[in-house]
Structure formats: structure tokens, C-alpha cells
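# Coordinate analysis (summary)
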Amino acid sequence: MTARVAAIVEELRGIGDPRNVAGMARFGIVSKNTLGISVTTLRRLAKPIGRDQKLAEQLWKTGIHEARVLACFVAEPDKVTGAVAARWVRDFDNWAVCDAACYHLFDKTDWAWEKAREWAGRDEEFVKRAGFAVVAAMAVHDKSAPDAIFRRFLPLIRREATDERNFVKKAVNWALRQIGKRNPALNAAAIAEAERIAEIDSRAARWVAKDALRELRRWKPRRGQER
């Protein structure tokens with residue numbers, strides 16, 4: 001561990017609050033090494049650090065939950081290779097670090113679409129979640145992506161909607177909802193897909209469909225989303 005990483009870890013331990021760990025656990029944020037620091041605080045700490053890929057990888061190796069979330073905020077997207085991402089996703093042990101990586105880092109990489117499809121087909125709970133979390137993030141952040149690329153994910157969403165694991169089905173639902181809120185054409189496509197999912201004989205699939213349809217049917221395009 002370098003002196004800089006040691007100093008950051010010392011700072012994290014200093015502001016960590018063990019009382020928050022139980023509260024995080026109630027929201028499903030359970031990790032082997034949690035200090036009890038909010039994401040808001042970690043984002044504030046990341047700002048003066050700036051982007052630093054080497055530092056991010058060193059922070060990740062500490063195994064500390066908050067250090068790993070911080071790593072997602074300071075990593076450099078153009079230097080995060082598929083190999084680095086593959087190592088990180090294997091370490092995911094809760095939805096919070098998974099979503100921090102997918103929503104704030106992986107979705108900004110050149111390989112995001114490729115890995116999203118690969119991970120969505122994996123069996124490990126948080127690897128599979130990562131696949132759909134990346135899709136949800138891209139639906140929000142990638143304004144230039146064509147509709148066709150999102151349409152290609154809809155059958156994958158239907159296929160995996162039967163997964164009963166809570167953090168998987170929520171990510172499948174998240175991806176479906178975000179795709180359906182990009183524009184009217186994708187909204188119609190997502191609603192049609194949700195209606196097909198609703199017909200599957202699966203409690204998880206019915207939940208995914210019902211929850212998504214509730215939001216998608218109420219959705220109205222904002223300025224710039226009319227087409």
C-alpha cells in the first residue's frame with residue numbers, strides 16, 4: 001500500500017461510523033469490510049483527488065467497501081480496460097458498489113455494450129446485476145446511442161426476468177424502465193416487452209413487468225425526447 005493510499009484509508013477510517021453499518025445492511029449493503037460512510041461523503045472526497053486510474057486500482061485492492069466506491073469515482077474511464085472490469089466485477093458483493101461502478105464508470109467506457117451483454121448472461125448475482133445496471137446507465141447517459149442497440153437488449157431482459165434473486169430482478173426492471181424512458185418509440189417497445197414478460201409463469205417476471213408498466217405507462221417525454 002502506497003503512502004497516498006494509506007493516508008486515504010486512514011481518513012476513511014477516521015470518518016467512518018460503525019452505527020451506519022447496520023443501517024446500510026438493512027438496505028442490502030453488506031460487505032466484509034464496511035466503515036459506514038455515505039456515498040455523498042465519498043463523492044465529496046473524490047472531487048479534490050480527481051481522476052487517477054493507478055490510485056483507483058490501489059484503492060480497490062484494499063478490499064474496503066468505501067475505498068472501492070471511491071475508486072469508482074476517481075478511476076479514468078479511458079484507462080479502465082475490460083480486464084480491469086472483469087477483476088472488479090468478480091469482487092462485487094453488494095448492489096451499492098456494483099451500481100457505483102456501472103453508473104459512474106463502466107458506462108463511460110468503449111466496451112460497455114459488449115460487457116453488458118456478457119455479464120447479463122452470467123450466473124453470479126452481482127455480475128448479472130452489473131450487466132443490466134450498465135444498460136440502465138447507458139440508457140440515461142448515452143444520448144447518441146441508436147434505438148436499435150437498446151431494442152436488442154429487450155429479449156435479453158425478457159429472458160432474465162424470471163431470475164428470483166432480488167438484486168437481479170430489480171436491475172432487470174431498472175434496465176427496462178430506463179430504456180422505455182428514452183423516447184416515445186422505445187417507450188412503446190418497452191411497454192410491449194413488459195406485457196410479454198407479464199405473461200410468463202414466473203413470480204419474478206410478473207413483478208418486473210407490473211412495476212415497469214406502472215412507470216412506463218405514465219411516462220411523458222421531456223423536451224428533446226419527442227422523437
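A brief look at the structure comes next. (Residues numbered from 1 in each chain as written. Predicted model: local features only at pLDDT ≥ 70, side-chain atom pairs only at ≥ 80, totals over all residues. Heavy atoms only, no water.)

## Side note on the overall build of the chain
Definition in use: Only DSSP runs of H or I covering at least 4 residues are called helices, and only runs of E covering at least 2 are called strands; the numbering of each starts at the N terminus. The quantity called the radius of gyration is restricted to C-alpha atoms. Its globule counterpart is 2.2 Å times the number of residues to the power 0.38. Each residue is placed in one exposure class: buried if its accessible area under a 1.4 Å probe, protein chains only, is under 20% of its type's maximum, exposed if it is over 50%, and partly exposed if it falls in between. Whether two residues touch is decided by their heavy atoms; if any such pair falls within 4.5 Å, the residues are in contact. Method for areas: the Shrake-Rupley scheme with a 1.4 Å probe, in which residue coverage is limited to the protein chains shown. Only four residue types enter the tally: Lys and Arg on the positive side, Asp and Glu on the negative side; His and the chain ends are excluded. Lys charges are placed at NZ, Arg charges at CZ, Asp charges at CG and Glu charges at CD.
Each helix and strand in the chain was counted, giving 14 helices and zero strands. Secondary structure elements in the chain, listed N-terminal to C-terminal, are α-α-α-α-α-α-α-α-α-α-α-α-α-α. The C-alpha radius of gyration computed for the chain amounts to 18 Å, which stays within 12% of the reference 17 Å derived for 227 residues, consistent with globular compactness. Counting only C-alpha atoms, the chain reaches 55 × 35 × 30 Å along its principal axes. In the chain, which comprises 227 residues, the share counted as buried stands at 53%. Residue pairs in contact within the chain that sit at least 24 positions apart in sequence constitute 73% of those at least 6 positions apart. Working note: accessible area of the chain is about 11300 Å², and carbon and sulfur atoms make up 51% of it. Here the chain holds 43 positive side-chain charges and 30 negative ones, and the gap between their average locations is 4 Å.

## What to know about the packing of aromatic side chains
Rules: Aromatic rings from Phe, Tyr and Trp, with only the six-membered ring used for Trp, were paired whenever their centres fell within 6.5 Å, and each pair was classed as stacked if the ring planes differed by under 30 degrees, edge-to-face if by over 60, and tilted otherwise.
The full count for this structure, using the stated rule, is ten aromatic pairs. Summarising the aromatic geometry, the rings of phenylalanine 106 and tryptophan 119 are spaced 5.6 Å apart at their centres and angled 50° between planes, so their arrangement reads as tilted. One end of the pair, phenylalanine 106, is in the loop between α7 (95-104) and α8 (112-120); the other, tryptophan 119, is in helix α8, with 13 residues separating them in the sequence. You can call tryptophan 119 buried: its relative accessible area is 1%. Aromatic pair tryptophan 113 and phenylalanine 150: ring centres 5.1 Å apart, planes at 80°, arrangement edge-to-face. On the criterion of sequence distance, the pair formed by tryptophan 113 in helix α8 and phenylalanine 150 in helix α10 (residues 147-151) is long-range, its members being 37 residues apart. Since its relative accessible area comes to 19%, tryptophan 113 is described here as buried.

## Overview of the environment of arginine 129
Here arginine 129 shows up in helix α9 (residues 125-141). Residues arginine 129 and cysteine 98 lie 31 residues apart in sequence; the distance between their C-alpha atoms is 7.7 Å. Not counting the four nearest positions on each side in its chain, arginine 129 is found in contact with Trp95, Cys98, Asp99, Phe167, Lys170, Ala171 and Trp174.

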